[in-house]
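# Descriptive analysis of the structure
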Amino acid sequence: MKKIITCLAVAALIATSSFSESSFGVRGSIGTSFIQLTDSQKSEFGNAAATGLTSLTNEQSSWKVDNDTILNGGFSVWANYSIPSFPALGIQPELGFLFNNGTEILVEAESSGYKYKISDKVSFSTMEIPVLLTYTARKGSFLEVIPQAGLYISFPLGKCSQDMDYTISGNGRYVKGSDSGEDKIDSKVLFGMLGGTDFAFNFSEKSAFMINIRGMYDFNKIKIDGDEVARRTILLMSAGYRYKIN
């Protein structure tokens, strides 16, 4: 086992030494996450709300369902290796974690002067492993602009949580409540593509303050509690620190 580990370490050292310049960094991010519900899923939420209100009023209820973004964020560590023949080009593997992936489901039902409103936030956490191709414009200047694009794999962590707030109002009555629960995530791995831009402010020869804007889009749909939900769409802004090794 020790020989295998030693060989792997030597191979990694040889591979990284073939690149002319290397750097690593860390960033924290904040952004929005969105999962668009299908029409059948919206109908399921709407009919459930209408049924609950109809049982109160004994008359048919009308409903509507909207799908909205929620705030999410996380952190990541990354390394960038420039290619000797084309030093402006680089390969950037990352390891990151995103929290509060999901969506907010807004449901309204109305019947006989009563209004039923529900806000249901669905969220889960993931571990992200992107591999990006980068290009550094204005390399070596105070401000470097670094477009980047690539693919990633994403691993859902734990369960999907639901936090619901609801109100029933009308005819002199007002009821407010909340509920929460967890659902099993059936998807083991998500795949997607990523694109964005780094802005590096070099305040010394080796150190830089980084600002990043990126978008992420899953190829496959996440499956939660037996239902195949739509793909994630994520927009992130982040800030961090970069250090050049050589």
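Residues numbered from 1 in each chain as written. Predicted model: local features only at pLDDT ≥ 70, side-chain atom pairs only at ≥ 80, totals over all residues. Heavy atoms only, no water.

### Thoughts on unusual backbone geometry
- Positive phi, close to 50°, is recorded for S112, a residue that is not glycine.
- Summarising the element assignment, S112 is placed in the loop between β4 (86-111) and β5 (114-135).
- With a phi close to 55°, D225 is a non-glycine residue in the positive phi region.
- In this structure, D225 sits in the loop between β10 (223-224) and β11 (227-228). (Helix = DSSP H or I, 4+ residues; strand = E, 2+ residues; numbered from the N terminus.)

### Here we look at the packing of aromatic side chains
- Tallied over the entire structure, the rule returns 6 aromatic pairs.
- Relative to F97, the ring of F75 has its centre 5.5 Å away and its plane inclined at 35°; by these criteria the two rings are tilted. Highlighted residues: F75 in strand β3 (residues 70-83) and F97 in strand β4, separated in sequence by 22 residues.
- Among the residues examined, F75 registers a relative accessible area of 43% and is labelled partly exposed.
- Centroid distance Y116 to Y166: 6.4 Å. Interplanar angle 90°. Geometry classified as edge-to-face. Separated by 50 residues along the polypeptide, Y116 in strand β5 and Y166 in strand β6 (residues 143-170) bring together distant segments of the chain.
- Judged by its relative accessible area of 24%, Y166 falls in the partly exposed class.
- Members of the aromatic cluster, connected to one another through ring pairs, are F75, F97 and F99. (Phe/Tyr/Trp six-rings, centres within 6.5 Å; stacked < 30°, edge-to-face > 60°. Buried < 20%, exposed > 50% of the residue type's maximum accessible area, 1.4 Å probe, protein only.)

### A look at the pairing of β5
- For β4 and β5, the ladder comprises 19 bridges, and the chain directions are antiparallel. Among the inter-strand pairings, L106 is bridged to a residue of β5, identified as S119.
- If you look at the hairpin formed by β4 and β5, you'll find 2 residues sitting between the two strands, and S112 has a positive phi there, around 50°.
- Examined bridge by bridge, β5 and β6 share 19 bridges and lie antiparallel to one another. Bridge pairing in β6 links K117 to T167. (Pairing = 2+ DSSP bridges.)

### Details of a negative patch on the surface
- A contiguous patch of negative charge, built from D66, D68, E108 and E110, is present on the exposed surface.
- Looking at the negative patch, the elements that each hand over two or more residues are β2 (62-68) and β4.
- Inspection of the secondary structure puts E108 in strand β4.
- Residue E108 is classed as partly exposed on the basis of its relative accessible area, which comes to 36%. (Patch = residues over 30% accessible without salt bridge, like charges linked within 9 Å, V, L, I, M, F, W, Y side chains within 5 Å. Areas by Shrake-Rupley, 256 points an atom, 1.4 Å probe, with all protein chains shown as cover. Salt bridge = Lys/Arg side-chain N within 4 Å of Asp/Glu carboxyl O. Lys, Arg positive; Asp, Glu negative; His and termini not counted. Charge placed at Lys NZ, Arg CZ, Asp CG, Glu CD.)

### As for the layout of surface pockets
- Here the largest pocket is characterised by a volume of approximately 440 Å³.
- Looking at the largest pocket, it is lined by 21 residues, and the ones nearest its centre are F45, I105, Q162, D183 and D227.
- Sorting the residues of the lining of the largest pocket by element identifies α2 (39-57), β4, β5 and β6 as the ones contributing at least two each.
- Broken down by element, the lining of the largest pocket gets its largest block of residues, 5 residues, from α2.
- A class-by-class count of the residues in the lining of the largest pocket yields 13 nonpolar, 3 polar and 5 charged. (1 Å grid on protein atoms, 1.4 Å probe; cavity = no way out; pocket = protein on both sides within 12 Å on 5 of 7 lines; lining within 4 Å. Points joined across faces, edges and corners; volume = space filled by probe spheres on them. Nonpolar A, V, L, I, M, F, W, Y, C, P; charged D, E, K, R; others polar.)

### Describing α2
- Compared with an ideal rise of 1.5 Å per residue, which puts 19 residues at 27 Å, α2 spans 26 Å between its outermost C-alpha atoms and is within 8% of the ideal.
- Buried residues belonging to α2 abut β2, β4, β5, β6 and β11.
- N58 lies just past α2 and shows a positive phi near 60°. (Expected span 1.5 Å × (residues − 1). Contact = heavy atoms within 4.5 Å.)

### Some details on the side chain of R232
- Its location among the elements puts R232 in strand β12 (residues 232-244).
- Polar contacts involving the side chain of R232 include one to the side chain of N101, which spans 3.0 Å.
- Within the local environment of R232, its side chain forms a polar contact with the side chain of S154, the two groups lying 3.2 Å apart.
- Other than its neighbours up to four places away in sequence, R232 contacts F34, I35, N101, F124, T126, E128, Y152, S154, L190, M216, Y217 and D218. (Polar contact = N/O pair within 3.5 Å; in protein donor to acceptor, adjacent residues only side chain to side chain.)

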